[in-house]
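If you want the building blocks of each chain, they are given just below.
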Amino acid sequence: MFMQRVIQTLSRWYNLESRDLPWRQTTDAYCIWISEIILQQTRVVQGVGYYNRFVMELPNIQSLANAEEGDVLKLWQGLGYYSRARNLHYAAKQVMTEFGGVFPSTYKDILRLRGVGNYTAAAIASFAFGEKVPAIDGNVKRVGARFFGLHAPIHTMGFQKELFSLLFELMDGADPNVFNQAMIEVGATLCLPTQPKCDVCPLAEACIARLQNLQKQIPVVAKKQKPKDKYFYYVDIEVGGERVLVRREGEGIWQQLYEFPMIEGDGADWDLETVAKGLGIVENFVVKGDRSFKHQLTHQTIYARCWYLCISSDKFVLNDGWERFNEEEFLLKPIHRLMEKMIKFT
DNA sequence: CATTCGTGGCA
DNA sequence: TTGCCAAGAAT
């Protein structure tokens, strides 16, 4: 049939033209799992280095389950969405306790793991175990919407259910591994949001959006809300050659990562005296520098100002939760990009 | 169903 | 400079 030939063309294109990526060299469910978590909302070029370091350092489920959470976070340093690292660690323990140390091999079982949702479970089940289940990520949503000519907004459940049904039917008889990988690959390299390369696309002859010239109208994407402003005032304190850090607690952003002592402000141009008092610093100090920068997040913009203080003596008493780090120790602790930027300032 | 989680590249 | 958003999941 026509569709069967299109899928053959897709498969042939994938085998000839797909990128050579490290996680495509293995059928080890553990490695594929690590790669899928790393690649959530993350570009391949950014994730590949993290993947190589991660599987080198923690090559199997046992080593990850037995690792310290701080070491797992350290491997994640700078990648963002740090709950992925904590969930990964938690899920490794799940595999040890709930699955007897053997990585689950079905979509249904894989879905039980913390941090593994619809897409990731389908990806692992099809890539590592050949299970027939569509893996629908952002790429496949775009490819599918255009290929089937779906006008529903891609973030809705209605779209998700219809696409799942259509893909499940389309992949009948195909190799689930190759089919899913190929759909993702088409989205990542050809079926781009703007300027899709329809002239070299293996799906072009059957693509509704292309046949009706609707590539600009499909997929229908919801507008994103504007970022809100937040103002963080940090102090970089040096005490006797050591720096002061605080570990973030609670439920918010960057939880369990280290940062300079900070108070949140309202946007007014606070002076260092006010910030220091707000942090409970009453000893004499000397200002060594004053740097500020803007940091973009998904739904907020953080305006951070960093002051570099030198506390004059060893009489300085650390507040509760404050810790001292020398340069060597400091680099071993999990820190995030914001911290790295600040350190470059001082 | 809407928000909240990072980071970096690019038009 | 600003906006967009990439191999999503949890709440």
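Every chain is numbered independently, its residues counted from 1 as its sequence is written. The order in which chains are written sets their letters, starting at A; the order in which ligands are written sets their numbers, starting at 1. Under the rules for a predicted model, residues below a pLDDT of 70 receive no local features and side-chain atom pairs below 80 are neither given nor counted, while totals for whole chains, interfaces and linings still include all residues. Side-chain numbers here rest on the full set of heavy atoms in the structure, without hydrogens or water.

Points about the protein's contact with DNA strand B
The cutoff for a nearby residue is simple: one of its non-hydrogen atoms must lie within 4 Å of the molecule or strand. DNA strand B sits among 20 residues. The nearest are I253, W254, Q296, H299 and R337. Each atom of DNA strand B within 4 Å of the protein was classed as base or backbone; sugar and phosphate made up 56%. A 3.5 Å cut-off defines polar contacts: any pair of N or O atoms within that distance qualifies, except that in protein one atom must be a possible hydrogen donor and the other a possible acceptor, and neighbouring residues in sequence count only when both atoms are side-chain atoms. The separation between a phosphate oxygen of DNA strand B and a polar main-chain atom of I253 is 3.5 Å. Only Asp, Glu, Lys and Arg are considered charged, only Ala, Val, Leu, Ile, Met, Phe, Trp, Tyr, Cys and Pro nonpolar, and every remaining residue, Gly among them, polar. Residues belonging to the surface near DNA strand B are distributed by class as follows: 6 nonpolar, 12 polar and 2 charged.

Thoughts on the nonpolar core
Side-chain atoms within 4.5 Å link the members of a nonpolar core, which is a set of buried Ala, Val, Leu, Ile, Met, Phe, Trp, Tyr and Cys residues. Note on classification: 1.4 Å probe, protein chains only; a residue is buried when its accessible area is under 20% of the maximum for its type, exposed when over 50%, partly exposed between these limits. Judged by nonpolar contacts, the single largest core of 98 residues is most densely connected at W33, I34, F54 and L64. Reported domain spans reflect what an automatic or database domain assignment gives. Domain assignment of the residues forming this core places at least three in each of domain 1 (2-211) and domain 2 (228-345). Whether two residues touch is decided by their heavy atoms; if any such pair falls within 4.5 Å, the residues are in contact. In this structure, L64 is in contact with Y30, W33, I34, F54, L58, V72, L88, H89 and A92, ignoring residues within four places of it in sequence. In this structure, V235, V244, V246 and I281 belong to the second largest nonpolar core, which totals 17 residues.

Digging into helix α8 (residues 118-129)
Taking 1.5 Å as the rise per residue, α8 with 12 residues should run 16 Å; its terminal C-alpha atoms sit 16 Å apart, in good agreement. A run of DSSP states H or I qualifies as a helix once it reaches four residues; a run of E qualifies as a strand once it reaches two. Both are numbered from the N-terminal end. Across the 12 residues of α8, 10 count as buried, placing the element largely inside the fold. Of the surrounding secondary structure, the elements contacted by the buried residues of α8 are α2 (29-38), α7 (107-110) and α11 (176-189). Count one or two residues on from α8 and you reach G130, which has phi positive near 70°. A helix's residues, less one, multiplied by 1.5 Å, set its expected span.

Quick notes on the pairing of strand β4 (residues 262-265)
For a regular strand, side chains alternate in direction, first toward one face of the sheet and then toward the other. Residue alternation in β4 divides its side chains into a buried set, I263 and G265, and an unburied set, M262 and E264. Strand pairing follows a simple DSSP-based rule, namely that at least 2 bridges must link the two strands. Where strand β1 (residues 228-239) lies against β4, 4 bridges are found, and the strand directions are antiparallel. Bridge pairing in β4 links F232 to E264.

Notes on the domain arrangement of chain A
Size of an interface: often given as the accessible area lost when the parts come together. On domain assignment, one finds that chain A holds domain 1 (2-211) and domain 2 (228-345). One C-alpha centre belongs to domain 1, the other to domain 2, and the line joining them spans 38 Å. Contact residues are listed per partner, giving 10 residues for domain 1 and 14 residues for domain 2. Throughout, the accessible surface (probe 1.4 Å) given up by two parts as they are put together, summed over both, is called the buried area. Sorting the residues of domain 1 by area buried against domain 2 places Q77, Y82 and R86 first, and these three jointly supply 47% of that buried surface. Salt bridges are counted wherever a side-chain nitrogen of Lys or Arg sits within 4 Å of a carboxyl oxygen of Asp or Glu. Across the contact surface, domain 1 and domain 2 share 0 salt bridges. Applying the counting rule to domain 1 against domain 2 returns 1 residue pair in polar contact (both at pLDDT 80 or more). Tallying contributions element by element places helix α5 (residues 69-76) first for the side of domain 1 that touches domain 2, with 4 residues. Of the residues in the side of domain 1 that touches domain 2, the class split is 4 nonpolar, 3 polar and 3 charged.

As for the pattern of salt bridges
Tallied over the entire structure, the rule returns 9 salt bridges. E185 is the partner of R19 in a salt bridge, and the nearest nitrogen-oxygen pair spans 2.9 Å. Within this pair, whereas R19 is found in the loop between α1 (2-17) and α2, its partner E185 is found in helix α11, the two being separated by 166 residues in sequence. Exposure remark for E185: the relative accessible area of 1% places this residue in the buried category. R243 serves as the salt-bridge partner of D236, at 2.7 Å between the closest nitrogen and oxygen. Side by side, D236 and R243 carry an identical accessibility label, which is buried. Through salt bridges that share partners, R19, R24 and E185 make up one connected network.

Considering the protein's contact with DNA strand C
As a matter of local geometry, DNA strand C sits amid 23 residues, with L39, G115, T120, D137 and N139 nearest to it. Taken together, the sugar and phosphate atoms account for 61% of what DNA strand C places within 4 Å of the protein. Contacts to DNA strand C include T120, whose side-chain N or O atom sits 2.7 Å from a phosphate oxygen. Listed by contribution, the elements that provide at least two residues to the surface near DNA strand C are α8, α9 (138-148) and α11. For the surface near DNA strand C, the residue count by class is 7 nonpolar, 8 polar and 8 charged.

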